[in-house]
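Coordinate inspection notes
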Amino acid sequence: ILGTEPCDFLGGGVMNRDVEQQVWQRVLGQSEPPRGNLRPMELEAMEAAAVYRKLSGQFSGKGREQLRHLHDMQLEMLACLRGIGRLSGCGGGKTAQIAAPEEPAAKALERRYHCARRAVTEYTARTVDGDFGIVFQHLADLSREECAALSRLLGSY
């Protein structure tokens, strides 16, 4: 039966603050869940969108379609991050677009995969945020989807 109380990792009871801090110290080497500046994540999403937009012009067929989908996902992630910033009172304004780095397509896809994998970790760590945890969970899910899509693209490239 599902309860309304958060569960601890072992017994299904409420996780107290001390246990939560110990978990964060072990997992991330931090005493609190990560908070604060979303700007690096925004910039990462902007760069990813630029890379996917650029690469979609170099691919055709299903590859182009997948890259356009990845581009749209980055725009969704960027909008979510900006929304969190605005809701938390820490949001900055929009910035100029970022240019995609000049590199071969395979290298760009590999680099984006590793960035997406790190983003999954970052977003997952923020899912405990009381106000925005559900949004960070959505962002982590999108980043997982991005990893799978990039693996498919690299496998068929």
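Right above here is the structure, for reference.
Residue indices follow the written sequence of each chain, beginning from 1 at its first position. Owing to the predicted nature of the model, reporting of local features is limited to residues with pLDDT of at least 70; listing and counting of side-chain atom pairs is limited to 80 or more, with chain, interface and lining totals taken over all residues. The side-chain quantities take in all heavy atoms of the structure and omit both hydrogens and water.

1. What to know about the pattern of salt bridges
Note on pairing: side chains with opposite charge can pair once their charged atoms come close. To keep things clear, this is the line we draw: The salt bridge definition used is simple: a Lys or Arg side-chain nitrogen within 4 Å of an Asp or Glu carboxyl oxygen. Only DSSP runs of H or I reaching four residues or more are called helices, and only runs of E reaching two or more are called strands; each is numbered from the N terminus. Only protein chains enter the accessibility calculation, which uses a 1.4 Å probe. A residue is then buried if its area is under 20% of the maximum for its type, exposed if over 50%, and partly exposed in between.
The final tally for this structure, using the stated rule, is 8 salt bridges. In this structure, glutamate 47 engages arginine 112 in a salt bridge whose closest nitrogen and oxygen atoms are separated by 3.6 Å. Separated by 65 residues along the polypeptide, glutamate 47 in helix H2 (residues 39–56) and arginine 112 in helix H4 (residues 105–125) bring together distant segments of the chain. The class of arginine 112 is buried, set by a relative accessible area of 2%.

2. Re helix H3 (residues 61–88)
Counted only if it meets this: What a helix is expected to span follows from its residue count: subtract one and scale by 1.5 Å.
Taking 1.5 Å per residue as the helical rise, H3 with its 28 residues ought to reach 40 Å, and the 41 Å between its terminal C-alpha atoms agrees with that figure. Following H3 by one or two positions, glycine 89 has its phi on the positive side, about 80°.

3. A closer look at the packing of aromatic side chains
Short version of the rule: Side-chain rings of Phe, Tyr and Trp, where Trp is taken by its six-membered ring, are said to pair if the distance between their centres is within 6.5 Å; with planes under 30 degrees apart they count as stacked, over 60 as edge-to-face, and otherwise as tilted.
Within this structure, the stated rule accounts for 1 aromatic pair. Both rings, one in tyrosine 123 and one in phenylalanine 136, keep their centres 6.4 Å apart while their planes meet at 25°; by these two values the pair is stacked. Residue tyrosine 123 is found in helix H4, and its partner phenylalanine 136 is found in helix H5 (residues 133–156); the two are separated by 13 residues along the sequence. By relative accessible area, which is 2% here, phenylalanine 136 ends up buried.

4. Overview of H5
Definition in use: Only heavy atoms matter for contacts: two residues are in contact if any of them lie within 4.5 Å across the pair.
With 24 residues, H5 extends 35 Å from end C-alpha to end C-alpha; this agrees with the ideal 34 Å at 1.5 Å per step. For H5, the complete set of buried residues consists of Gly133, Phe136, Leu139, Ala140, Leu142, Ser143, Glu146, Cys147, Ala149, Leu150 and Leu153. Residues of H5 that are buried make contact with H2, H3 and H4.

5. With respect to the environment of glutamate 47
Taking the C-alpha atoms as reference points, glutamate 47 and proline 101, separated by 54 residues in sequence, lie 8.5 Å from one another. When sequence neighbours within four positions are dropped, the list of residues in contact with glutamate 47 reads Ile98, Pro101, Arg111 and Arg112.

6. A word on the nonpolar core
Using the following cut-off: Only buried Ala, Val, Leu, Ile, Met, Phe, Trp, Tyr and Cys residues count toward a nonpolar core, and they belong to the same one when joined by side-chain atoms within 4.5 Å.
One finds Leu55, Leu67, Leu70, Tyr123, Phe136 and Leu139 to be the most contacted residues of the largest nonpolar core, which totals 29 residues. For this core, the elements supplying multiple residues, two or more each, are H2, H3, H4 and H5. Beyond its immediate chain neighbours, meaning those up to four positions away, leucine 139 contacts Met77, Cys80, Leu81, Ile84 and Tyr123.

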